[in-house]
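Residue-level listing of the chains:
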Amino acid sequence: MIHDTENLRSDQIRTADVCVIGSGPGGAVVAKELAEKGLSVIVLESGPRLHHSNSTREPGSFLSRFLQQGGLRAMLGNTFVASMQAEAIGGTSEVNSAILKPMPDAILKEWIENYGLTDLSVQEMHGHYQAIEAELNVRPSEAEALGPKNLVMKRGLEKLGWDSHPLSRAVVNCEGASDCLTACPSGAKRTMSVTYIPKASRAGADIYPSCRARYVLREGKRAVGVRADILHPKTRKPQAEMTVYAKAVVVSAGVMWSPILLRRSGIKGNGWVGRNLCAHIGTAAFGMFDEEINGWWGATQGWGSNEFFHRGMVLEALWSPPAVLATRLPGVGHEYLRELKGFKHYAMVATKPRGVSRGRVVEGLNGQPFCTFRVKQEDADETAMGLKACVDTLFAAGAKRVLPGVYGAPWVMEKPEDSNVLLKKRFPASSFEFVANHVFGTCRMGSNPRESVVGSWSEVHSCKDLFVCDSSIFPTGIVNNPQETIMAFSRRTAHHIAERYA
Ligand SMILES: Cc1cc2nc3c(=O)[nH]c(=O)nc-3n(C[C@H](O)[C@H](O)[C@H](O)COP(=O)(O)OP(=O)(O)OC[C@H]3O[C@@H](n4cnc5c(N)ncnc54)[C@H](O)[C@@H]3O)c2cc1C
């Protein structure tokens, strides 16, 4: 069951076969698979429960309530890269665009070879992808839910003769409310809180919202449980302590928190815990059309292109609440007001290279993740190339002007040839407005304990009975959106855990 932690005001002790930290795509899959196989499972989630009624078109209050660090997390280095992670039952699946795709087989083969992961196989992973896609009703976005902003992208891609396809999403009867970032108002999005978590709960898992794990309890080189704070759901201040004793512990707290929990528990992985932060660093161009686009109608991200997939880059239609996007409009005062009035004429196309840049996560003085990230010139060059493709798509679709959002390039481009400047000049990383919501690598997987944190079954090399199941185990970026692959790896590990601890 999903417990009401508000009333837990005295210290609690529980026991289970497995304790899972985090209820995002990584943790939710482990909880459901293990509970359905008859193991007793406790899930500790630092965030509160999120209901459809929490959905709002006013992002400020929503993001501050349901996103880590109020949605204002930034990776700092030679530039500023915004990065969002949710803090709620269901994790970041609650605020994402529900695009589900498996990782490319070629990248899995690269991992097998480069990181000695010979237990992994493409064929086995395909079985997990199929099971997840069936569970979440993954299929190409339906025409009725697309709305003009996705169709504009389709038109541009077709005019250029480029690859063009509806993005596969995990939804049922999507109404195209375009509110994915602030929680689906109709419950159409197949997030963890409406799929895997209720199934885990029905199979007997005990789920505790507002319970923030502090560290993993160890006896020598074995994990034996978790110590957590029970938070007051409104003030978010600790009101009591929860101790869970378990045969195995699964850390699924996401790329930012999993390394912090491991380090607090004395696990450094030869210096690799928190290192190797990888990201798909994304940015987008805005196109203004004569016709009304009304971007607040239609699937948040319903259309895409794999034209540059061979370069490790995808193009996707994009939307988020106007209050978030409008910060990109040019001008101040009356000029800005004029732009705002034209907002209904804008559509966006986004790009995100796989990325070779790396960063690090450590625990900041406030106890929150502190991330550094250095964007290499190679990634800045790829971004410029991707942005040119976004600008070209928008002009081909009939945009009258395009805002590429690159400092040092014209802020407003009036004709298709203007995009050539993006390839003629070299733009440093600080020229771009980056967002990286696909992050990886801070507890990376590998066969060599000197160069990785977990082995091929996601068990920490230096600590028995301790597993990591989230995208922190991915050694590199994967080009495609990561949720389905995270879930597939978690499903695989869950079956392994079930065999070992049943
Ligand atoms: C705006 C946005 C759009 C996106 N769109 C897509 C998309 O369309 N498709 C896609 O594949 N991916 C998308 N992503 C990325 C995707 O959502 C994430 O990669 C995925 O959710 C990561 O899953 P996870 O389980 O690793 O971590 P999370 O989903 O982040 O879950 C981790 C959970 O652990 C909890 N936690 C953290 N610390 C503790 C602690 N100490 N104790 C207890 N609990 C803790 C957190 O509160 C959180 O609920 C998007 C992301 C964003 C932000």
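Residues numbered from 1 in each chain as written. Predicted model: local features only at pLDDT ≥ 70, side-chain atom pairs only at ≥ 80, totals over all residues. Heavy atoms only, no water.

A short note on the pattern of salt bridges
Phase 1 of the analysis: Enumeration over the complete set of coordinates arrives at 27 salt bridges.
Phase 2 of the analysis: A salt bridge links R492 to E124, with the nearest nitrogen and oxygen atoms 3.2 Å apart. Of the two residues, R492 sits in helix α12 (residues 483–501) while E124 sits in helix α4 (residues 122–135), which places them 368 residues apart along the sequence.
Phase 3 of the analysis: The shortest N-O distance in the salt bridge between K415 and D418 comes to 3.1 Å.
Phase 4 of the analysis: Judged by relative accessible area, K415 falls into the partly exposed class, the value being 42%.
Phase 5 of the analysis: Each of K32, E33, E36, E135, K199 and R491 takes part in salt bridges that share partners, so that together they form one network. (Salt bridge = Lys/Arg side-chain N within 4 Å of Asp/Glu carboxyl O. Helix = DSSP H or I, 4+ residues; strand = E, 2+ residues; numbered from the N terminus. Buried < 20%, exposed > 50% of the residue type's maximum accessible area, 1.4 Å probe, protein only.)

Notes on the packing of α4 against α12
Phase 1 of the analysis: Packing of α4 against α12 leaves a shortest axis separation of 9 Å and a crossing angle of 110°. What the angle tells us is that α4 and α12 run roughly perpendicular. Along its contact with α4, which presents E124, M125, H128, Y129, A131, I132 and E133, the element α12 presents E484, T485, M487, A488, F489, R491, R492 and H495.
Phase 2 of the analysis: Within the contact of α4 with α12, the residues separate by chemical class into 7 nonpolar, 3 polar and 5 charged. (Axes fitted to C-alpha atoms, helices over the stretch in contact; angles between N-to-C directions. Parallel < 35°, antiparallel > 145°, perpendicular 65-115°, else oblique. Contact = heavy atoms within 4.5 Å. Nonpolar A, V, L, I, M, F, W, Y, C, P; charged D, E, K, R; others polar.)

Considering the packing of aromatic side chains
Phase 1 of the analysis: With the rule as written, the count across this model stands at 14 aromatic pairs.
Phase 2 of the analysis: Centre to centre, the rings of F440 and F474 are 5.8 Å apart; their planes meet at 10°, and the pair counts as stacked. Taken together, the residues span a long stretch of sequence, with F440 in strand β19 (residues 434–440) and F474 in the loop between β20 (466–468) and α12 at a distance of 34 residues.
Phase 3 of the analysis: Residue F440 is classed as buried on the basis of its relative accessible area of 0%.
Phase 4 of the analysis: Residue F474 is classed as buried on the basis of its relative accessible area of 1%.
Phase 5 of the analysis: Ring centres 5.6 Å apart and planes at 55° place the aromatic pair F474 and F489 in the tilted group. Here the residue F474 occupies a position in the loop between β20 and α12, and F489 occupies one in helix α12, the gap between them amounting to 15 residues.
Phase 6 of the analysis: Judged by relative accessible area, which is 2%, F489 ranks as buried.
Phase 7 of the analysis: Aromatic rings pair up to connect F286, W296, W319, F343 and Y346 into one cluster.
Phase 8 of the analysis: R444 extends its terminal NZ or CZ atom over the ring of W272, reaching a point 3.9 Å from the ring centre. (Phe/Tyr/Trp six-rings, centres within 6.5 Å; stacked < 30°, edge-to-face > 60°. Lys NZ or Arg CZ within 6 Å of the ring centre and 35° of its normal.)

Describing the packing of helix α1 (residues 25–36) against α12
Phase 1 of the analysis: Close contact between α1 and α12 brings their axes to 8 Å; oriented N to C, the two are set at 35°. Relative to α12, the crossing made by α1 is right-handed. Touching P25, G26, V29, V30, E33 and L34 of α1 are Q483, I486, M487, S490, R491, A494, H495, I497 and A498, all from α12.
Phase 2 of the analysis: Residue composition of the contact of α1 with α12, by class: 9 nonpolar, 4 polar and 2 charged. (Left-handed = near helix turned anticlockwise from the far one by under 90°.)

Side note on the pairing of strand β12 (residues 278–288)
Phase 1 of the analysis: Most of β12 is tucked away, with 11 of its 11 residues classed as buried.
Phase 2 of the analysis: Here 6 bridges tie β12 to strand β15 (residues 346–353), and the two strands are oriented antiparallel to one another. Within β15, the residue paired with F286 across the bridge is M348.
Phase 3 of the analysis: Two strands pair when backbone bridges link them, and β12 and strand β18 (residues 401–403) are joined in this way by 3 bridges, in the antiparallel orientation. Paired with M288 across the two strands is R401, which belongs to β18. (Pairing = 2+ DSSP bridges.)

Details of the site of the ligand
Phase 1 of the analysis: Of all residues adjacent to the ligand, which total 38 residues, the nearest are E45, T92, I99, A213 and Q483.
Phase 2 of the analysis: Measuring from an oxygen atom of the ligand, one finds a backbone N or O atom of P25 at 3.4 Å.
Phase 3 of the analysis: Measuring from an oxygen atom of the ligand, one finds a backbone N or O atom of A88 at 3.2 Å.
Phase 4 of the analysis: Alone, the ligand offers 1,000 Å² of accessible surface; in the complex the protein occludes 96% of this.
Phase 5 of the analysis: The class makeup of the residues in the shell around the ligand is 17 nonpolar, 17 polar and 4 charged. (Near = heavy atom within 4 Å. Polar contact = N/O pair within 3.5 Å; in protein donor to acceptor, adjacent residues only side chain to side chain. Areas by Shrake-Rupley, 256 points an atom, 1.4 Å probe, with all protein chains shown as cover.)

Topic: the domain arrangement of the protein
Much of the literature gives interface size as the accessible area that the parts lose upon coming together.
Phase 1 of the analysis: If you check the domain split of the protein, you get domain 1 (5–52 + 101–135 + 188–274 + 443–501) and domain 2 (140–181 + 277–436).
Phase 2 of the analysis: With centres defined by C-alpha atoms, the gap from domain 1 to domain 2 works out at 31 Å.
Phase 3 of the analysis: The interface of domain 1 with domain 2 comprises 23 residues on the first partner and 28 residues on the second.
Phase 4 of the analysis: Where domain 1 abuts domain 2, roughly 2,000 Å² becomes buried across the two surfaces, and 56% of that area is made up of carbon and sulfur atoms.
Phase 5 of the analysis: The interface formed by domain 1 and domain 2 includes 2 salt bridges.
Phase 6 of the analysis: Close ionic contact of E110 with R354 constitutes a salt bridge, the shortest N to O distance being 2.7 Å.
Phase 7 of the analysis: For the interface between domain 1 and domain 2, the tally reads 11 residue pairs in polar contact (both at pLDDT 80 or more).
Phase 8 of the analysis: Within the residue set of the side of domain 1 that touches domain 2, elements represented by two or more residues are α3 (105–114) and α7 (254–264). (Domains from an automatic or database assignment. Buried area = accessible area lost by both parts, 1.4 Å probe.)

Let's talk about α1
Owing to its 3.6 residues per turn, the α-helix aligns residues three or four sequence positions apart on the same side.
Phase 1 of the analysis: Look at α1: 17 Å from first C-alpha to last across 12 residues, which is about the 16 Å you get at 1.5 Å a residue.
Phase 2 of the analysis: In terms of burial, α1 is a largely internal element, 11 of the 12 residues being buried.
Phase 3 of the analysis: Three or more residues of α1 are buried, namely P25, G26, G27, A28, V29, V30, A31, K32, E33, L34 and A35.
Phase 4 of the analysis: Looking at the buried residues of α1, the elements they touch are β1 (12–21), β2 (41–44), α4, α6 (196–202), β11 (238–251) and α12.
Phase 5 of the analysis: Positive backbone phi, at 95°, marks G38, one or two positions downstream of α1. (Expected span 1.5 Å × (residues − 1).)

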